[in-house]
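Topology and contacts: notes
Here is how the chains run, residue by residue.
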Amino acid sequence: MFDMTPEDLMRYLDGELSPEERRRVEVAVETSTELSRELALYRAMKEDFQGLSFSPTRPGDTWSRVNRRLTRPVGWALLIVGTAVWALYGGYVYTTTPGVLVEKLATGAVVIGVLLLLASVIWEQYQAWLADPYRDVHR
Amino acid sequence: MQPEVEQELIRKCKAGDARFYEPLVRAYEPAGMRVAMGMMGNPDDARDALQEAFVKVYENLARFDLARPFRPWFFQILRNQCRDMLRSRAARFRVETLDERVELRVADPEKGPERHRQRHAARELLWMALERVSDEHREILVLKELEGLRYGEIARILGIPEGTVASRLYHARRALKTVLEEQGTHYP
């Protein structure tokens, strides 16, 4: 007598048994109403799951999002390096070029003012994000 | 996609050329979306998880052993991503009822509209019941029933012995059956 386990029933259902094992399970199922009912239920579930299909809303959308993520670090690195080089070079030219003191002070004040305003806006946005109780709520 | 083509694309990506990653993303997008949708329960979270998984796959390609199959490795990363998102972002498994974003294949026309309506209702019940089983049960059901993976592949993805797959599937299906019964629904 073949002593069938629930795992054998799963392997049978999922086509993971050898022909010999399949035959033994089929005999066991034929002789048990309970087993055949259980098998019918799991088969119906399987069929219904297979009837579900999901598709992304726009084909290729995933790639464009992934591509943006992959190329973004390179963009940031180039931007930071380029900005640093320009800042150092600009600072060097600014300090070594002879000129009127008033012009230098005015230019320096404009640059520092713009940087301070930018830093202040970024800081405000960061604080607002931290305080937002809905930031973990998804679309 | 043929395995040789896939291997060649991966080799090129490992060499740092991201252009060759696009065919891989496009090839795995539908299957990845099915699994992510099954695990996350709604299209928005599923898309986020899938995108993050693809980025992680690319970032880790250097460590990928070309002698191993790519598919289970990809699904392993996707599954971990879904789990992380469900845990850390507290993005609870939010099931959306079957709508235009969850498509149902056309039923056999010979079986008639009544049969089609019944199956549609049954699928909706099943989809809602999937929300209420544990993460462990849901993920194995998604990999087997939605993606149709073999036991060997599921074992590699979940990091469990192949012999455990049948047993976990049995408990997962039983759990789903119990939820359906608790809902007071007659299934199938």
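Given the structure is predicted, the values throughout are model-derived calculations rather than measurements.

A word on the overall build of chain B. A tally of regular secondary structure across chain B gives 8 helices and 1 strand. Along the chain direction, N to C, the helices and strands of chain B fall in the order α-α-α-α-β-α-α-α-α. Relative to its full complement of 188 residues, chain B shows a buried share of 37%.

A separate point is the overall build of chain A. In terms of regular secondary structure, chain A is built from 5 helices and 1 strand. Sequence-ordered secondary structure for chain A, helices as α and strands as β, is α-α-α-β-α-α. Burial statistics for chain A: of 139 residues in total, 10% are counted as buried.

Another point: the domain arrangement of chain B. Interface size is often expressed as the accessible area that is lost when the parts come together. Residue and element names in this part refer to chain B. When its domains are assigned, chain B resolves into domain 1 (3-88) and domain 2 (116-182). Summarising the inter-unit geometry, the C-alpha centres of domain 1 and domain 2 are found 22 Å apart. When residues of the side of domain 1 that touches domain 2 are traced back to their parent elements, those giving at least two are α2 (21-40) and α4 (70-88). With 7 residues, the top contributor of residues to the side of domain 1 that touches domain 2 is α4. Here the residues of the side of domain 1 that touches domain 2 sort into 6 nonpolar, 3 polar and 4 charged.

With domains assigned, chain A is organised as domain 1 (6-50) and domain 2 (98-139). When each unit is reduced to the centre of its C-alpha atoms, the spacing between domain 1 of chain A and domain 2 of chain A is 67 Å.

So, on to the packing of α2(B) against helix α3 (residues 43-60) of chain B. Residue and element names in this part refer to chain B. Between α2 and α3, whose axes approach to 8 Å, the crossing angle comes to 135 degrees. Overall, the two elements α2 and α3 adopt an arrangement that is oblique. Viewed along their axes, α2 and α3 form a crossing whose handedness is right-handed. Together, Y21, V25, G32, M33, A36, M37 and M40 of α2 and P43, D45, A46, A49, L50, A53, F54 and Y58 of α3 make up the contact between the two elements. Tallied by class, the residues present in the contact of α2 with α3 amount to 13 nonpolar, 1 polar and 1 charged.

Residue and element names in this part refer to chain B. Of all hydrophobic cores here, the largest spans 54 residues; its most connected members are V35, A36, A49, L50, L78, L143 and L176. Looking at which element gives the most residues to this core, the answer is α2, with 10 residues. Those residues in contact with A36, other than ones at most four positions away along the chain, are A46, A49, L50, L78 and C82.

We now examine the packing of α3(B) against α4(B). Any two packed helices are characterised by the angle at which their axes cross and by the distance between the axes. Residues and elements named next belong to chain B. The geometry of α3 relative to α4 is characterised by a closest axis approach of 9 Å and an angle of 130 degrees between their N-to-C directions. It follows that α3 is oblique to α4 by the angle criterion. In terms of crossing hand, the pair formed by α3 and α4 is right-handed. Note on element contacts: α4 touches α3 through F74, I77, L78, Q81, C82 and M85, opposite D45, D48, A49, L50, E52, A53, K56 and V57. Split into classes, the residues belonging to the contact of α3 with α4 amount to 9 nonpolar, 1 polar and 4 charged.

Residue and element names in this part refer to chain A. By the secondary structure assignment, L13 is in helix α1 (residues 6-13). The spacing of L13 and I80 is 67 residues in sequence and 58 Å in space, taken between C-alpha atoms. Residues within four places of L13 in sequence aside, it is in contact with L39, Y42, R43 and K46.

With 89% of its residues at a pLDDT of 70 or more, chain A has an overall mean of 86. The spread of mean pLDDT over the elements of chain A runs between strand β1 (residues 52-54) of chain A, the lowest at 70, and α1(A), the highest at 94.

Tracing the chain through its elements places D45(B) in helix α3. Along the primary structure D45(B) and A129(B) are separated by 84 residues, whereas in three dimensions their C-alpha atoms are 19 Å apart.

Let us now look at the confidence of the model for chain B. Should the pLDDT be low somewhere, the predicted coordinates at that spot are not to be read in detail. Averaged over all residues, the pLDDT of chain B equals 85, while 85% of them reach at least 70. Across the interfaces of the predicted complex, the ipTM metric reaches 0.78, alongside a pTM of 0.73.

So, how was this worked out
Residues numbered from 1 in each chain as written. Chains lettered and ligands numbered in written order. Predicted model: local features only at pLDDT ≥ 70, side-chain atom pairs only at ≥ 80, totals over all residues. Helix = DSSP H or I, 4+ residues; strand = E, 2+ residues; numbered from the N terminus. Buried ≥ 20, exposed ≤ 12 C-beta atoms within 10 Å, placed from the backbone. Domains from an automatic or database assignment. Nonpolar A, V, L, I, M, F, W, Y, C, P; charged D, E, K, R; others polar. Axes fitted to C-alpha atoms, helices over the stretch in contact; angles between N-to-C directions. Parallel < 35°, antiparallel > 145°, perpendicular 65-115°, else oblique. Left-handed = near helix turned anticlockwise from the far one by under 90°. Contact = placed C-beta atoms within 7 Å. Core = buried A, V, L, I, M, F, W, Y, C linked by C-beta atoms within 7 Å. pLDDT = per-residue confidence, 0-100.

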